[in-house]
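One letter stands for each residue in the lines below.
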Amino acid sequence: MTSCDRLQEREAITETRDISSHAPKPHADIPSSTRFYDDAKEQPQQRPNFRELLTWTLPEGWKESATPDPMGMRLLDLRFGPNQEGECYISLMPGPAGGLEANVNRWRTQMGQTPYTADEIAKLPKKPFFNRDATFVAFDGDFKGFGAEAAKTGYRMLGLIHSADQATIFVKLTGPKALVDQNTAAFDAFCLSIKPNLPKQE
């Protein structure tokens, strides 16, 4: 209780000192955000719209999905077929995105297939893409996409993976095998049409 009694005490200020001429002048009228450097914090950078970096030509009968990608990973999400059961999308990830082997075998697993060995992956065919060669895959099986409760039987998957130091681009198509076979040429043409969206020359 002794400390509480000291609240009633008053001590007079009897000493003063002059402010140094080298000390910064006080600014009493500045807001607290400036005083405590809150307004100096960097504003969060907006994520660039990678979709604007590419251009492409849609095959006849293909159209963009009306349902947004829940994962936000697809730059372009397309549907085709009489009941829109076929799908094809472009996705882009920074850097090597886990590497070619991991991504190919992730797709293999989605189709209910056993993983490829490093030697089998090295022997996969290439297709022209982005003025370079991309690894091409074609798998048959029962497709179980991310979050699906059950696999879809009798499916076929086509895919291209192009990896560079800066980013990895994926083009992936899935659907019933007969429908995919009917759209294989359209897939090839679509992949060839994907190009960097270069600024127009004035």
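Predicted, not measured: the structure shown is a model, and the values here were computed from it.

About the thresholds
Residues numbered from 1 in each chain as written. Predicted model: local features only at pLDDT ≥ 70, side-chain atom pairs only at ≥ 80, totals over all residues. Heavy atoms only, no water. Salt bridge = Lys/Arg side-chain N within 4 Å of Asp/Glu carboxyl O. Helix = DSSP H or I, 4+ residues; strand = E, 2+ residues; numbered from the N terminus. Pairing = 2+ DSSP bridges. Disulfide = S-S within 2.5 Å. Buried < 20%, exposed > 50% of the residue type's maximum accessible area, 1.4 Å probe, protein only. Phe/Tyr/Trp six-rings, centres within 6.5 Å; stacked < 30°, edge-to-face > 60°. Lys NZ or Arg CZ within 6 Å of the ring centre and 35° of its normal.

Let's talk about the pattern of salt bridges
Line of reasoning, step 1. Evaluation of the coordinates by the stated rule reveals eight salt bridges.
Line of reasoning, step 2. Residue Asp77 pairs with Arg74 through a salt bridge whose shortest N-O separation is 3.0 Å.
Line of reasoning, step 3. The partner of Lys127 in a salt bridge is Asp188, and the shortest N-O contact between them spans 2.8 Å. One end of the pair, Lys127, is in strand β5 (residues 126-129); the other, Asp188, is in helix α6 (residues 184-193), with 61 residues separating them in the sequence.
Line of reasoning, step 4. Each member of the salt-bridge network shares a partner with another, and the members are Arg74, Asp77, Arg79 and Glu87.

A short note on the sheet that holds strand β4 (residues 86-94)
Line of reasoning, step 1. The seven strands are arranged β2-β3-β4-β8-β7-β6-β5 in an open sheet whose pairing can be described as antiparallel. Bordering the open sheet on either side are β2 (63-64) and β5, each of which pairs with just one other strand.
Line of reasoning, step 2. Across six bridges, the pairing between strand β3 (residues 74-80) and β4 is antiparallel. Bridge assignment links Leu76 to a residue of β4, and that residue is Ile90.

Let's talk about the state of the cysteines
Such a bond, covalent and formed between the sulfur atoms of two cysteines, is termed a disulfide.
Line of reasoning, step 1. Under the defined criterion, the tally for this structure stands at zero disulfides.
Line of reasoning, step 2. Of all cysteine sulfurs, the one in Cys191 lies closest to Cys88, which takes part in no disulfide; the gap is 6.3 Å.
Line of reasoning, step 3. Classification of Cys88 as buried rests on a relative accessible area of 0%.
Line of reasoning, step 4. Residue classification places Cys191 among the buried residues on the basis of a relative accessible area of 3%.

Brief notes about the packing of aromatic side chains
Line of reasoning, step 1. Using the criterion set out here, one finds six aromatic pairs in the structure.
Line of reasoning, step 2. Their ring planes at 15° and their centres at 4.8 Å tell us that Trp62 and Phe80 sit as a pair that is stacked. Of this pair, Trp62 sits in the loop between β1 (54-55) and β2 while Phe80 sits in strand β3, placing them 18 residues apart in sequence. With respect to class, Trp62 is no different from Phe80; both count as buried.
Line of reasoning, step 3. Taken together, a centroid distance of 6.0 Å and an interplanar angle of 15° make the contact between Phe143 and Tyr155 stacked. Note that Phe143 is positioned in strand β6 (residues 132-143) and Tyr155 in strand β7 (residues 152-163), a separation of twelve residues in sequence. Across this residue pair, the class does not change: Phe143 and Tyr155 are buried.
Line of reasoning, step 4. Among the aromatic side chains, those forming a connected cluster through ring pairs are Trp62, Phe80 and Phe190.
Line of reasoning, step 5. Looking at Arg108, its charged tip hangs above the ring of Tyr116, at a distance of 4.0 Å from the centre.

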